[in-house]
Amino acid sequence: ELISSPVKLGAKFEYMAVLLTINEAIFHLFEDYEKPSIYECLDDSIIALKNGSDPLYVAFYFLMKILPLIGFEIEVNKCVECGETKGIVDFSFIDGGFFCSKCSNLKERKYTNEQLRLLRASILADRVEQLHQFDLKDVKYLLIEVNQFIFDGIGYRIKSIDPLLK
C-alpha cells in the first residue's frame, strides 16, 4: 500500500514538496545504518498525507520526530534548567527544551503560549492528526525555526521545504 502512495500524492504540488522534504532530510541527516530507525515516523507521515493532512503539519511533525534520532533530545515536560513544570514561558532548540519564568533569560518571548503548546504536542504526538488543532501560521513559523536549528546544529539546511513556506 505504501509503495503506491507517492504516485497518488504527487498530484498535488504541496504533497510532492513535503515528500521531497522528507527524502532530503533522510538522505542528508542520516547515515545508512540509521535509516531503519525512522521507518515508523516515515510511515505515519505518508499515511497522514494520504488521509488529507495539510503538508505543513506533516513536514513539521516529521522534522520534530527525527530530532532525537539525529542527536537532539527535546525536553517538553519541565524546565531544562530547574525541572519546574509550572510557569513555562519559553523554549530553546539549542538548550533542548522549555524554560520557566525564573530560568528564562529572554527579555522578550520568542514563542507564544500556543506555539509552546504546539512544540510540546509535536514531540508527544503519536500521529500527525494530533497537531490539526493548531493554527497553520504557528506550524509554518515553527517549521522555519526547526529547519534553522537543524542548519545551526548539523550544518545542513533542508532546501525542499522552501515551497511549503511560501
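Heads up: the structure comes first, above all this text.
Scoring rules and cut-offs
- Residues numbered from 1 in each chain as written.
- Predicted model: local features only at pLDDT ≥ 70, side-chain atom pairs only at ≥ 80, totals over all residues.
- Heavy atoms only, no water.
- Pairing = 2+ DSSP bridges.
- Helix = DSSP H or I, 4+ residues; strand = E, 2+ residues; numbered from the N terminus.
- Expected span 1.5 Å × (residues − 1).
- Buried < 20%, exposed > 50% of the residue type's maximum accessible area, 1.4 Å probe, protein only.
- Polar contact = N/O pair within 3.5 Å; in protein donor to acceptor, adjacent residues only side chain to side chain.
- Contact = heavy atoms within 4.5 Å.
- Core = buried A, V, L, I, M, F, W, Y, C linked by side-chain atoms within 4.5 Å.
- Axes fitted to C-alpha atoms, helices over the stretch in contact; angles between N-to-C directions.
- Parallel < 35°, antiparallel > 145°, perpendicular 65-115°, else oblique.

> Is there a simple way to think about the pairing of strand β2 (residues 88-92) in this case?
One face of the sheet, then the other: side chains in a regular strand alternate in exactly this way. Note that β2 and strand β3 (residues 97-100) share 4 bridges and pair antiparallel. For D90, the partnering residue across the bridge sits in β3 and is F99.

> What is the right way to look at helix α2 (residues 13-29) in this model?
Along an α-helix, a turn takes 3.6 residues, which lines up residues three or four apart on a common side. With 17 residues, α2 should cover 24 Å at 1.5 Å per step; its first-to-last C-alpha distance of 24 Å lies within 8% of that length. All of the buried residues along α2 are Y15, A17, V18, L19, T21, I22, E24, A25, I26 and L29.

> Help me out: how do you make sense of the side chain of Q115 in this one?
Along the polypeptide, Q115 turns up in helix α5 (residues 113-124). Overall, Q115 belongs to the buried group, its relative accessible area being 7%. Within the structure, Q115 has its side chain in polar contact with the backbone nitrogen of T112 (distance 2.9 Å). A polar side-chain atom of Q115 sits 3.1 Å from a polar atom in the side chain of D138. Dropping the residues within four chain positions of it, Q115 is found in contact with K110, D138, Y141 and L142.

> Looking at this structure, how should I read the nonpolar core?
Among the nonpolar cores identified, the biggest contains 53 residues, and F60, L63, L67 and F93 are the most heavily contacted of them. Among the secondary structure elements, those contributing two or more residues to this core are α2, α3 (39-50), α4 (55-66), α5 and α6 (136-154). With 10 residues, α4 is the single largest residue contributor to this core.

> Looking at this structure, how should I read the packing of α3 against α4?
Helix-helix packing is described using two parameters, namely the angle between the two axes and the distance between the axes. Remark: α3 packs on α4, axes separated minimally by 10 Å, with the N-to-C direction vectors making an angle of 175°. Between α3 and α4, the angle is such that the two are roughly antiparallel. Facing C41, L42, D44, S45, A48 and L49 of α3, the residues of α4 in contact are P55, V58, Y61, F62, K65 and I66.

> What is the right way to read α5 from this model?
Compared with an ideal rise of 1.5 Å per residue, which puts 12 residues at 16 Å, α5 spans 17 Å between its outermost C-alpha atoms and is within 8% of the ideal. Taken as a whole, α5 has its buried residues at Q115, L116, L118, L119, A121, S122 and I123.

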